Amino acid sequence: MADQGKIKSQKEGLPRDIKDWSKDQVREWALNLDQVADNVAEILFQQDVDGPSLLLLDTEDLQKNGVTLGPAKLLIKARDELVKLIKINSKGLPRGPCKPYPFCRYNDSYRYMESDILDITESGASDLIEPCHEYKAFNGTTDEATMTRLIEEVARFAAACMNSRTNGTIHFGIGDEPNFTHGQVLGVVVRDKEAYAKKINSVIDYFEHKHKKTAQSCIKPPRFVGVLNRNETSSEKCVIEVDIVPDSTMCEENIYHTFNVDSKKKKKAKAKETSETRQSKQFFVREGGSSRDLLLTTLAKEMEEYNQFVAGKAQRAQLRKQAEEKHLNVIKRSTQGYRLNQMITGGSLSLDKSHFERYIIVTNKSNQIHFESLEFLVELNPIAVLDFDPESAKEGLQSHFKKLSTVNDHLPAQFKVTEGVEDIANQLKLTRITSWVFCNGGIEKEEPSDIDEWLMDKGSSVRDVISFLCRKDVLPNKRFLVIFLLWSTVSEKMDPLVETFSTFYQELKGTEQILCICDNKNAFTSWKNLVDARCGSNIAHRCIHELSFPEVNGTVLSLLSKNRRSSRFLPCGGGSNVLLEKKVERDLNTLEVLCVNQCEGGNEDKIVIEENFYKGEQVSWWNFYFSEQPGSIPFIKRDMFDFIMNTVIPDLCSLGKACVLFNLMHVPGCGGTTLAMHTLWAHRDRFRCAVLRDRNADFAEVADQVVKLLMYANDEPLPQVPVLLMIDDFDDKEKVFDLQRAIDEECAKKNIQSKSAQVILLNCMMSESSEHTEHTAESVFIGNNLSEKEQKLFEEKLVAIEKEHKNADTFYGFMIMKKNFKPEYVQGVARNTLKSFNMKEKHAQLLAVLVLLNVYCKGSSLSISLCEEFLGLQPKPIFGTIKVQDRFGKFSTLIATCSVEGKVVFKAVEMIHSSIARHCLQELTTTYNVNKAEITDLLLTTDKLYESTQGKDKLLKDVRQILVKRHYSVEECQFSPLIQDIANESPGLEEMVLQNASKRFKKDAGVSQLLARYYYLKKKDFSEAEVWASRARDLSKDSSYFADTSAQVVKHRLKNTIADCKEGPISPEKLGTFLKLAQSATDAFKETQNLAKKESSHSFNTAGCLGEIQVGALVIEVLEKTPVFASDNVRHDIMSGVLSGNVQLQDVEKNDKRQNKHAQHYKILKQFEDLLYSLRYRMKENFDFLDNFSVNLGSRSGMKDSREQVAQRELFRCFRQYTELFCKTDSAGLLRNKAMSFMLKLHQERQYLEMNKADTFSGILNYLSNGISYDNMERIAKLSASVCKSGQSTVKERINFIYVNVVLSCIKPTSKHILPYKELIDLLCQVLREQIPLSENLPLHFIAVVLFWPQQQEVSLYHNLGRYISQIRTSYHMMMKEVFNGKRPIVHFMLGKKQGYQRLVHLGEIRRYVRAGEEDFTLMWENGKIWQEKQVKERLCRLTGQVKDKRILADTCISGLKLEITPMFQSQLSGHAQETKVSFFIGFSMKGPVALDIK
């Protein structure tokens, strides 16, 4: 088939290159393929498939257009074989045209490509300035004869050019007919360039002595132009070129004869002229494409021609001089420097204020000389570089650029859209680090392609890159510039850069966002012609070619302000600074670094920046800088500023932990972020200050960069200057502690000493409450109420503002604070600004959406690109075009611009103040009858808002949040605040909103879950709820949270069905319905539990356990109303027995006096025996599991989640119901009644212990924090002792008894019911000698380590202590492996200085010493400040030990006994060499002993 394709191609005269085929020629070729029907050729013709598109086709493309699989495969195979055949046949054939190397230039990167054809023929003189050319194939050997021939050719050509007064170039390594195509690039292998250069310099010996100096000046040094392989990789070959420049000032009116060198030597030797030496005198002139000797013969005709030429020498000299003057005038008239300024900035003439926010660079083969002119490229900080040089990473542009800036290497395939666009951009770090895209191989073993094969091999993937970059949701529309840097001349129509330009041309719909830069006219002309032929567009007006690259570099750099050009410095201690290299700063892409000399030398507009801040935009470093300049009013210092500066920061610096944390809590819009940034500004010369750019960044990466900033230019393990890192707008304190832990671990990994705090996290976080809280050294609160001092400062500032600014009445951000946040003022602003609001107008709709988002989602915004699309603006790449905020009309005073750091970085608009947003929303509802449901519906149903624009993902995320995210408080919140407000404001419309939400978020399991919850909670439509729950599960099959929703639907159906049952005793039919639902719900919750155990991305989901308990409680409720169990207390005990699995239903039925009447009930009950018999066991197992989880594992922040508190209350309700059935007993009676049956008494004692959760070690430990009364604890101790003395106690009960004594000693040390300490130790030793069930290993070995820790006791107790510690760690991972993710073990006890029970210090006792709120206590614990408290230090026992690897070998009072313990914070061991002596406090957790406050 391939042969047929070949025959057809030749027979019909089709172009050799498939890329040159028209669609008619493609059809003709396809018609002549065997086994391919004619209709396939017609399909290709109808789809306009020409040669280039034929090369891009694949089988899938053909099938989509109606070609069946068989013919499609055959056609693609024929195409590929034909391409292969053409490739084989074309090896070594001449290729396309190319330009010669720029005349009289040596440092250009231009290189020839093998087999290209120079598009200038061998020629004579034209305008004397344009060089003539002569080609010599030359074999490149260095033997004497060959070298002599080369010198003679240069001498002949040079003399001809000098006599003809024309510039010229002779090329060695360029073929000529008949052996080659005229002008074909062959190249020669030059091993010793110095030998060639030296030999060519001797060419002046062929000239008369008097003219040698002139010849030396006119004959330029040889140039060795590299020859590239067809795939643009380097070869050993080059073309040798010698330029001739007969400058008029040197040549004047002289003529130049040459002589054969050997003949000249003979002449000197013989001193007699012979006929042979006379013939050696030559006089060459340029004639056509060759050099002609006018003295070749002595015929009269030739001599007359020679004489005439000599006679015209004066005229030729004059013509040369005129030509030089004319050429000089052309150069002087160039204005391309100004044009470059205009085009690269979009008309602003300043890169600081450029219209273009981003730059894309497209580049080809560069040269070493270009690396001296790269600074402008570094300053442009391109978002992407499309590099077509396959050797760029090895020795080209990228290898040098990498030394100056940060890049990410990519292949084009990484830009293919296979998932969310912004997700791909985020993975590529597209808007943070320059993406260097290797478009012709060169990395990851990607082979480069020949020019004529590149389109088929790599064209499609590079087109994907360009399409991706030009998407409106990736880069801002019309605000990025594509710069083609043509280091090398592009001379072939199939050059990848031509195709790349064409793609950009199509994507950008023109050339106004494209700039082309080359450094010579030849390169420009070739490029312009190729683009014109490919795109039909004259790009001369978008090209710069009259400037050298050094001139381009200087011109672009001159567009930067002094501030942008100046060096930036970081403090390094002792008042000295260190230069922050640009590459290093760009490496820290998750951080915005604040330097010592921030803003110095800047040319920012002070008035504009201040006005934007006063109107409500976020403060910038410029505001602080301007406030410090002479004549300026100082920045207002909030009351807390001095407290933070003088108390908080110094206090934190004194702590011995690597990373410490401080909270600055604030009400939205009250200046919290401004205060935090003011704090950083004031510390910039004493700390290395930075702001975290994106709170969603990978914390491991952030930690790495924070430590790099800390250790920059510091070789010592103990840094001189700490880092002060501001983090803003975190919505979850757990994440804050996660970040702190990540930085702490990174410090440990880098072995950084932490004798004092090395990183201080300033957590600027919005408070959920506006109520004032007390300031502490751990947390400061900024509320919406100014002090008298602050009010006075604001009044003074207003006077100064009104003098300097004319429009101070619109400075709402400032005025809200000045008015002390008075609602009347804000309400007045909203009312006056919204006058004549019309929801039908586009800008009004956009404002309404922005208001709604701001009220229900803090930090929300709309991208400027989105606003432009929605308002129908057509932005242009010209500076000074209309700003989007101006299109909001009179509402523009309510919005501000901001920069959003998300998956991509983009500019956006936001409301100037949260209180203005709230009052605007209220005004829209009350005055203009625009309710929240209407705005939400607009937001959900307007497709224009979700088209491909920047910030689309952020908008979707914000919209989803206002619909889905619930705010948990004391009571469980069923829906998000927005949905609840809509339901209250316009009942019924919330369903419409949710339905529209499901259409907008079709593939979002969370939204489907929301619909399910709405239907089972609000509408009680369980069938519809099941549909939505099922949809959520289909979208996320492995999520325990969506499995839980399905289970909740069944549970609520059961609960609702029970509630609807008004009849007395439950009928058999109803009983069957209830138990069937209970069985389904139980199975569903068990599946939720199983899925939760497999999840590792977040903390363990306990909903399945609680759900199963709730179902059990509902079953108990149902059975209590069932005639079989409802008659009296006896029947109650029977039900307890059945549900415990101790009594069989058939036995109950047999003994039932009313068994005939209850027959149907028994029949139903027997169908669910498995559910009923295991109910108590399953409930108890889940209660114990949840207790174990909550008592022994704490959140990383140490604080209780409000959702967990809600769950705990529900758990308590169910447990009370459980105990009423299974643990009903009278403890007082138990203690009084001596005659009670021994076994019954033992049974009821155990029931009482179970009822008080004293039957598990976790339940007993929980008494340390749940406030149990002394009496109740003592009663538990008595009964637990009684059980242990009964002779019937289990190992578990004896272990529990030990725990009871330890806990009672902590709660009431004076209790007489505490077992003597020595007896307790004896009991523990006894238990340790018994067979221990696997489930009891952890609690037993934990309490053994706590009580046996050496402290003046018998040596015999300690020989197994090391094994116990190891066993604790093993048991912990076995028991907790499925649940400890996202949690950390709680330290239950610490070792004190006293003896006996008093040696144990529980966490509650430490809390009493510290006297701090829960959040502050957590912070003090994390920061290590607790250990500085006097009472704590006096109470705890400080131990010593030696560092070993990442643990400590603790010394004990027993000689030779050292025990291995783990540091609570690994960073506290950093910088300590092996065997270093350290001291510490010791704490005991279920994971083993931990070292605290290591010094």
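The present account deals with the structure reproduced in this document. What you see is a predicted model, and the numbers here were worked out from it, not measured in a lab.

Some thoughts on the overall build of the protein chain
Phase 1 of the analysis: Within the protein chain one finds 63 helices and 37 strands.
Phase 2 of the analysis: Its C-alpha atoms put the protein chain at 160 × 80 × 75 Å along the principal axes.
Phase 3 of the analysis: For the protein chain, buried positions account for 57% of its 1495 residues.
Phase 4 of the analysis: Excluding contacts between residues fewer than 6 apart, the proportion of contacts in the protein chain whose partners are at least 24 apart in sequence is 73%.
Phase 5 of the analysis: For the protein chain, the accessible surface area stands at approximately 64,300 Å², while carbon and sulfur atoms represent 48% of it.
Phase 6 of the analysis: Averaging the positions of the 202 positive and the 198 negative side-chain charges in the protein chain gives two centres separated by 3 Å.

A short note on a negative patch on the surface
Phase 1 of the analysis: A contiguous patch of negative charge on the surface is contributed by Glu 444, Glu 446, Glu 447 and Asp 457.
Phase 2 of the analysis: With respect to the secondary-structure elements, Asp 457 resides in helix α20 (residues 451-469).
Phase 3 of the analysis: On the basis of relative accessible area, Asp 457 is assigned to the partly exposed category, the value being 43%.

Brief notes about the sheet that holds strand β14 (residues 434-438)
Phase 1 of the analysis: On the basis of which strands lie adjacent, the open sheet formed by 7 strands has the order β13-β14-β12-β11-β15-β16-β17 and parallel pairing. Each end of this open sheet is capped by a strand with a single partner; those strands are β13 (407-410) and β17 (543-544).
Phase 2 of the analysis: Sitting on the sheet, helix α18 (residues 397-404) touches β11 (358-363), β12 (384-387), β13 and β14, and the angle it makes with β13 is about 150 degrees.
Phase 3 of the analysis: Sheet strands touched by α20: β11, β12, β14 and β15 (480-485). Its angle to β12, the strand with the most contacts, is close to 160 degrees.

Some points on helix α62 (residues 1414-1423)
Phase 1 of the analysis: Among the 10 residues of α62, 8 are classified as buried, and the element is accordingly described as predominantly covered.
Phase 2 of the analysis: When α62 is considered as a whole, its buried residues turn out to be Asp 1416, Phe 1417, Thr 1418, Leu 1419, Met 1420, Trp 1421, Glu 1422 and Asn 1423.
Phase 3 of the analysis: Phi turns positive one or two residues past the end of α62, at Gly 1424, with a value near 80 degrees.

Considering the side chain of Thr 258
Phase 1 of the analysis: Mapped onto the elements of the fold, Thr 258 is located in the loop between α10 (248-251) and α11 (261-270).
Phase 2 of the analysis: Judged by relative accessible area, Thr 258 falls into the buried class, the value being 1%.
Phase 3 of the analysis: Aside from chain neighbours lying at most four places away, what touches Thr 258 is Ala 155, Ala 159, Tyr 206, Phe 207, Ser 280, Lys 281, Gln 282 and Phe 284.

Thoughts on the pairing of strand β21 (residues 659-666)
Phase 1 of the analysis: Within β21, 8 of the 8 residues are buried, which leaves the element mostly enclosed by the surrounding structure.
Phase 2 of the analysis: What you see with β21 is no split at all: Cys 659, Leu 661, Asn 663 and Met 665 on one side and Val 660, Phe 662, Leu 664 and His 666 on the other are buried throughout.
Phase 3 of the analysis: Note: β21 against strand β24 (residues 759-766), 8 bridges, orientation parallel. Opposite Cys 659, over in β24, you have Val 759 as the bridge partner.
Phase 4 of the analysis: The pairing of β21 with strand β25 (residues 779-782) spans 4 bridges and is classified as parallel. Bridge pairing in β25 places His 666 opposite Ile 782.

Topic: a positive patch on the surface
Phase 1 of the analysis: Taken together, the side chains of Arg 695, Lys 735, Lys 858 and Lys 957 make up a positively charged region of the molecular surface.
Phase 2 of the analysis: Mapped onto the secondary structure, Lys 735 falls in helix α31 (residues 733-749).
Phase 3 of the analysis: The exposure class of Lys 735 is partly exposed, given its relative accessible area of 34%.

As for the environment of Lys 64
Phase 1 of the analysis: As for its placement among the helices and strands, Lys 64 is situated in helix α5 (residues 59-64).
Phase 2 of the analysis: Overall, Lys 64 belongs to the exposed group, its relative accessible area being 62%.
Phase 3 of the analysis: For the pair Lys 64 and Thr 927, spaced 863 residues apart in sequence, the C-alpha separation works out to 56 Å.

Observations regarding the packing of aromatic side chains
Phase 1 of the analysis: Evaluated as defined, the whole model comprises 44 aromatic pairs.
Phase 2 of the analysis: Judged by centre distance (5.0 Å) and plane angle (85 degrees), the rings of Phe 1183 and Phe 1215 are edge-to-face. Of this pair, Phe 1183 sits in helix α51 (residues 1175-1192) while Phe 1215 sits in helix α52 (residues 1202-1222), and the two are 32 residues apart along the sequence.
Phase 3 of the analysis: Ring centres of Phe 1215 and Tyr 1218 lie 5.8 Å apart, and the angle between their planes is 20 degrees; on these two criteria the pair is classed as stacked. Of the two residues, Phe 1215 and Tyr 1218 both sit in helix α52, 3 residues apart, roughly one turn of that helix.

A few points about unusual backbone geometry
Phase 1 of the analysis: Positive phi, normally seen in glycine, also occurs at Asp 729, with a value near 70 degrees.
Phase 2 of the analysis: Along the polypeptide, Asp 729 turns up in the loop between β23 (723-728) and α31.
Phase 3 of the analysis: If you check the backbone angles, Asp 1445 has positive phi at about 55 degrees while not being a glycine.

What counts as what
Residues numbered from 1 in each chain as written. Predicted model: local features only at pLDDT ≥ 70, side-chain atom pairs only at ≥ 80, totals over all residues. Heavy atoms only, no water. Helix = DSSP H or I, 4+ residues; strand = E, 2+ residues; numbered from the N terminus. Buried < 20%, exposed > 50% of the residue type's maximum accessible area, 1.4 Å probe, protein only. Contact = heavy atoms within 4.5 Å. Areas by Shrake-Rupley, 256 points an atom, 1.4 Å probe, with all protein chains shown as cover. Lys, Arg positive; Asp, Glu negative; His and termini not counted. Charge placed at Lys NZ, Arg CZ, Asp CG, Glu CD. Patch = residues over 30% accessible without salt bridge, like charges linked within 9 Å, V, L, I, M, F, W, Y side chains within 5 Å. Salt bridge = Lys/Arg side-chain N within 4 Å of Asp/Glu carboxyl O. Pairing = 2+ DSSP bridges. Axes fitted to C-alpha atoms, helices over the stretch in contact; angles between N-to-C directions. Phe/Tyr/Trp six-rings, centres within 6.5 Å; stacked < 30°, edge-to-face > 60°.

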